[in-house]
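Inside the fold
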Amino acid sequence: MPAVTFVLASGAIQEVPLTEGSSLMEIAKMHAVPGIDGDCGGCCACGTCHVIVDEAWRNRLPPITSAEAQMLAIHAGADPGSRLACQIPATAALDGLRVRVPDHQF
C-alpha cells in the first residue's frame, strides 16, 4: 500500500498509508499525526496543516496555487519546501513522499 512519511517536530517518524482521493491533511488527521491541525477543514484558509516537503519530492507535487502561496507568505517559518497539506492530493504516485511537520503552525 502506498504510504507517506511524516517527520515530526520531535524527530519521530510516523508513516501512514495514502488514501487516494483524500488530501495529505485529511490523511494526517485520520492517523492523528501530531502538529497537523487542519482547523479550516482543508479550505486553504488557516495554514494549520503546514508541512515542509523533502527536496527530492518538491518538483513531483502539483504546482502551488496563488491562494496557498499567499497563506504561506504570512508564515514566518515558511521555507522553499513549505506547502499546505490540504492542497496536496493523495495519489499512488506519492508513495514514499516524505514531509516534515514544523515545530509550530500558524
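Residues numbered from 1 in each chain as written. Predicted model: local features only at pLDDT ≥ 70, side-chain atom pairs only at ≥ 80, totals over all residues. Heavy atoms only, no water.

Named according to an unreviewed UniProt entry, the protein chain is Ferredoxin, 2Fe-2S originating from Fontimonas thermophila. The UniProt entry for the protein chain carries the following text under Sequence similarities (unreviewed entry): "Belongs to the adrenodoxin/putidaredoxin family." According to the UniProt record, the Cofactor (unreviewed entry) comment for the protein chain reads "[2Fe-2S] cluster". (UniProt positions renumbered as here; feature names shortened; annotations may be inferred.)

Counting secondary structure elements, the protein chain contains 2 helices and 5 strands. When the helices and strands of the protein chain are listed from N to C terminus, the series reads β-β-α-β-α-β-β. Its C-alpha radius of gyration of 12 Å places the protein chain within 12% of the 13 Å reference for a compact globule of 106 residues. Summarising its shape, the C-alpha atoms of the protein chain cover approximately 35 × 30 × 25 Å along the three principal directions. Within the protein chain, the fraction of its 106 residues that count as buried is 44%. For the protein chain, the proportion of contacts with a sequence separation of at least 24, taken over those separated by at least 6, is 60%. As displayed, the protein chain offers around 5,300 Å² of accessible surface, 52% of which is attributable to carbon and sulfur atoms. Averaged over its 6 positive side-chain charges, the protein chain has a centre that lies 4 Å from the centre of its 11 negative ones. (Helix = DSSP H or I, 4+ residues; strand = E, 2+ residues; numbered from the N terminus. Rg over C-alpha atoms; globule rule 2.2 N^0.38 Å. Buried < 20%, exposed > 50% of the residue type's maximum accessible area, 1.4 Å probe, protein only. Contact = heavy atoms within 4.5 Å. Areas by Shrake-Rupley, 256 points an atom, 1.4 Å probe, with all protein chains shown as cover. Lys, Arg positive; Asp, Glu negative; His and termini not counted. Charge placed at Lys NZ, Arg CZ, Asp CG, Glu CD.)

Right, let's get into the packing of aromatic side chains. All chains considered together, the criterion is met by 0 aromatic pairs. The residue whose ring lies beneath Arg60 is Trp57, and the NZ or CZ to ring-centre distance is 3.9 Å. (Phe/Tyr/Trp six-rings, centres within 6.5 Å; stacked < 30°, edge-to-face > 60°. Lys NZ or Arg CZ within 6 Å of the ring centre and 35° of its normal.)

Burial analysis of strand β1 (residues 3-7) places 5 of its 5 residues in the buried class, the great majority of the element. Residues Ala3, Thr5 and Val7 of β1 are buried on one face, and the alternating residues Val4 and Phe6, pointing to the opposite face, are buried as well. Examined bridge by bridge, β1 and strand β2 (residues 13-17) share 5 bridges and lie antiparallel to one another. Residue pairing in the sheet places Phe6 in a bridge with Gln14 of β2. In sequence, β1 turns back onto β2 through a hairpin of 5 residues, with Gly11 there showing a positive phi of about 100°. (Pairing = 2+ DSSP bridges.)

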